[in-house]
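# Chain and residue survey
Chain by chain, the residues run as shown.
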Amino acid sequence: MTSQLSRHTLLLLISNLGGAALSFALAALLGRGLGAAAFGIYAVALAWVYPLSLAVEFGIGTLITRDLAAEGSPQTEAALMRGAAILRLAIGLPAMLLLIAGAPLLSADRLVVAGIQISAPLAIIVPFVSVFSAIFRARGVMWPIPALNIGMLAVQVVLTVAILLAGGGVREALAVNLLTSAGQLAVAWWIYRRRFYRPAPVQKTALHRMLRRAWPFALAGLLAAVQLRLGIILLEQLSTTADAGYFSAGQRFVEAARLLPMAFYGALLPALAALAAQPAELERTFQRALMALAAFGALAAIGFGLLAEPLLILIYGAAFAPGAAALALLGVALAMNVVRGGRTLYWYALGRENYVNRVNAVVCVIQLGVSLWLIPLSGAAGAAWAQLVAELAGLLLLWRVWLGRGAHLRFHQTPVHSGTMSQPWRSMRAAISGPKKKPANSTASCSDSNR
């Protein structure tokens, strides 16, 4: 089992690192080939589309992986795929059409409007790709994931070079992005049909139940996407597309740095969940993880603070030097974000997804409010300050429950049982939540009921 987990982790890490390297190369290519303003338009168009694709995704990919890994019969797989396809189309098609029709209301820049309309089909394509990735993960066969991810981006880089050499602009670059994503979906379907498909009778799927079980995962992903893209969207509205380009360039560095903690999170969550009924060992494990995350965050913040301007000039060119202040601030925000991510997994292990989602919603509101204040004054640096303040607030809010008296006792009075995978969180909720009665000395946040 250990060797299998190591092998799977390595393959997924290759996918993440290879994808990040090619995404970084693509961003640098677009920044140099299009300029800061056009690159900002590219970023703004995708900033509207990708959060919508996460809404269409609705956490169903996570649900498929969990359920199919536990009960991998052909009938279960067929039912999950049927339900996912129906929900993708039922949610995604109206969302795509609404985005195309409403694009002129989202921006006064005609190129941004055209970019949003060109990219709108990604709201369906990306969630469909995630269905196949979820099945590959559940089957314990990881090689198609890096192949699809790295292959798609490699083709996109080559085609983007071709259209830039031919004199194409931002619209052609976005069309290439759409074309390669559609090709990725077609190849994923082909791999599944050739290597993984098992004929089975298609059973009726309870779509409302599937949606209800996927909802906490969907909300968490949507809030994360909103927070990630909020700065770019508001910069285009309140400042200039050049400022959006500076901020987006800085975010590329931060996203690359986040690959290491993201890999760590993948191993940390199951470890913490396995120790939920052993509070002392849970605390020891979490404290060691917290120290590692904090050390990484501190190094990243110092590195970006010292090297922000040279990095931007090296990768994007001298025209992006004004984004150095934003990148330095984003490095500090990253330090808080990686620690907050570890804390988030701690609460996930204890079944407190709903509390984490409430904190994430507050973080988005804070980032919005501070952005509305600072972006008109400081442009890209103002957006970075807003993200930093929001990350600090989120970290403090997640720690508030932990610091509440008796919080751990409440969660660990009863051992956690996994229950059946058909109702995976019901028994966990019953075990973790304990009595509904509110302890006299608890805070309001400590007494929130679980799902």
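As the structure is a prediction and not an experimental result, all values here were calculated from the model.

Procedures and definitions
Residues numbered from 1 in each chain as written. Predicted model: local features only at pLDDT ≥ 70, side-chain atom pairs only at ≥ 80, totals over all residues. Heavy atoms only, no water. Helix = DSSP H or I, 4+ residues; strand = E, 2+ residues; numbered from the N terminus. Contact = heavy atoms within 4.5 Å. Areas by Shrake-Rupley, 256 points an atom, 1.4 Å probe, with all protein chains shown as cover. Phe/Tyr/Trp six-rings, centres within 6.5 Å; stacked < 30°, edge-to-face > 60°. Buried < 20%, exposed > 50% of the residue type's maximum accessible area, 1.4 Å probe, protein only. Lys NZ or Arg CZ within 6 Å of the ring centre and 35° of its normal. Axes fitted to C-alpha atoms, helices over the stretch in contact; angles between N-to-C directions. Parallel < 35°, antiparallel > 145°, perpendicular 65-115°, else oblique. Left-handed = near helix turned anticlockwise from the far one by under 90°. Nonpolar A, V, L, I, M, F, W, Y, C, P; charged D, E, K, R; others polar. pLDDT = per-residue confidence, 0-100. Salt bridge = Lys/Arg side-chain N within 4 Å of Asp/Glu carboxyl O. Core = buried A, V, L, I, M, F, W, Y, C linked by side-chain atoms within 4.5 Å. Polar contact = N/O pair within 3.5 Å; in protein donor to acceptor, adjacent residues only side chain to side chain. Patch = residues over 30% accessible without salt bridge, like charges linked within 9 Å, V, L, I, M, F, W, Y side chains within 5 Å.

Here we come to the overall build of the chain. When helices and strands are counted, the chain shows 17 helices and 0 strands. Within the chain, contacts between residues at least 6 apart in sequence are counted, and of these 82% link residues at least 24 apart. On the chain, roughly 19600 Å² of surface is accessible, and the fraction owed to carbon and sulfur atoms is 69%.

What follows concerns the packing of aromatic side chains. Going through the model one piece at a time under the given rule, you end up with 13 aromatic pairs. Residues Tyr 246 and Phe 320 carry aromatic rings whose centres are separated by 6.0 Å and whose planes lie at 85° to one another, so their mutual orientation is edge-to-face. You can see Tyr 246 sitting in helix α10 (residues 241-257) and its partner Phe 320 sitting in the loop between α12 (279-316) and α13 (324-349), a full 74 residues away along the chain. In this pair, the class of Tyr 246 matches that of Phe 320, namely buried. Centroid distance Phe 253 to Tyr 316: 6.1 Å. Interplanar angle 70°. Geometry classified as edge-to-face. Residue Phe 253 is located in helix α10, and its partner Tyr 316 is located in helix α12; the two are separated by 63 residues in the primary sequence. In this structure, Phe 253 and Tyr 316 share a single accessibility class: buried. Taken together, Phe 24, Phe 39, Tyr 246, Phe 253, Tyr 316 and Phe 320 form an aromatic cluster joined through their ring pairs. In this structure, Arg 343 packs its charged tip against the face of Tyr 346, placed 4.3 Å from the ring centre.

Turning our attention to the packing of helix α2 (residues 36-57) against helix α5 (residues 110-119). Contact geometry of α2 with α5 gives a least axis separation of 8 Å together with a crossing angle of 45°. One way to sum up the angle between α2 and α5 is to call them oblique. Crossing hand, α2 versus α5: right-handed. Judged by residue contacts, Ile 41, Val 44, Ala 45, Leu 46, Trp 48 and Val 49 of α2 engage Leu 111, Val 112, Gly 115, Ile 116 and Ser 119 from α5. A per-class count over the contact of α2 with α5 returns 9 nonpolar, 2 polar and no charged.

The subject of this paragraph is the confidence of the model for the chain. For the chain, the average pLDDT comes to 79, and 80% of its residues sit at 70 or higher. Model confidence for the chain, summarised as mean pLDDT per element, is weakest for helix α16 (residues 407-412) at 39 and strongest for helix α14 (residues 353-378) at 92. With pLDDT under 50 throughout, residues 402-451 is counted as low confidence; its partners more than four residues away or in other chains account for 83 contacts.

The next subject is the environment of Ala 20. Within the element layout of this structure, Ala 20 appears in helix α1 (residues 2-34). For Ala 20 and Ile 150, which are 130 residues apart along the polypeptide, the C-alpha to C-alpha distance reads 9.0 Å.

This brings us to the environment of Arg 258. You can see Arg 258 is positioned in the loop between α10 and α11 (259-274). The class of Arg 258 is buried, set by a relative accessible area of 17%. Note: C-alpha distance between Arg 258 and Phe 296 (38 residues apart in sequence) is 9.8 Å. If we skip the residues at most four places from it in the chain, Arg 258 touches Leu 334 and Asn 337.

This model, assessed by the stated rule, comprises 4 salt bridges. The partner of Arg 340 in a salt bridge is Glu 391, and the shortest N-O contact between them spans 2.9 Å. With Arg 340 in helix α13 and Glu 391 in helix α15 (residues 380-403), the pair connects residues that are 51 residues apart, well separated along the chain. Like Glu 391, Arg 340 is buried. What emerges from the salt-bridge pattern is a single network uniting Glu 281, Arg 284 and Arg 288.

It is at 9 Å that the axes of helix α9 (residues 207-238) and α14 come closest, and there the two elements cross at 0°. With respect to α14, the element α9 is oriented roughly parallel. Residues Pro 216, Leu 219, Ala 220, Leu 223, Val 226, Gln 227, Leu 230, Gly 231, Leu 234, Leu 235 and Leu 238 of α9 lie in contact with α14, whose contacting residues are Glu 353, Asn 357, Asn 360, Ala 361, Val 363, Cys 364, Gln 367, Leu 368, Ser 371, Leu 372, Ile 375 and Pro 376. For the contact of α9 with α14, the per-class residue count stands at 16 nonpolar, 6 polar and 1 charged.

Further remarks concern the nonpolar core. Considering soluble globular proteins, one finds that nonpolar side chains tend to be buried as a cluster. Residues Tyr 42, Phe 247, Leu 312, Tyr 316 and Phe 320 are the most contacted members of the largest nonpolar core, which totals 87 residues. Among the elements that make up this core, the one with the highest residue count is α13 (13 residues). What Leu 312 contacts, discounting residues up to four positions off in sequence, is Ala 249, Gly 250, Phe 253, Gly 317, Phe 320, Gly 323, Ala 324 and Leu 327. Within the second largest apolar cluster, 22 residues are counted, among which are Ile 60, Ala 134, Phe 136 and Ala 188.

Another point: the side chain of Thr 160. Here Thr 160 lies in helix α7 (residues 144-165). A polar side-chain atom of Thr 160 sits 2.7 Å from the main-chain carbonyl oxygen of Gln 156. Those residues in contact with Thr 160 that sit more than four places away from it in its chain are Leu 26, Leu 29, Leu 30 and Val 176.

What follows is about a nonpolar patch on the surface. Taken together, Val 155, Leu 159 and Leu 179 make up a surface patch of nonpolar side chains, about 250 Å² in accessible area. Considering the arrangement of structural elements, one finds Val 155 in helix α7. Judged by its relative accessible area of 44%, Val 155 falls in the partly exposed class.

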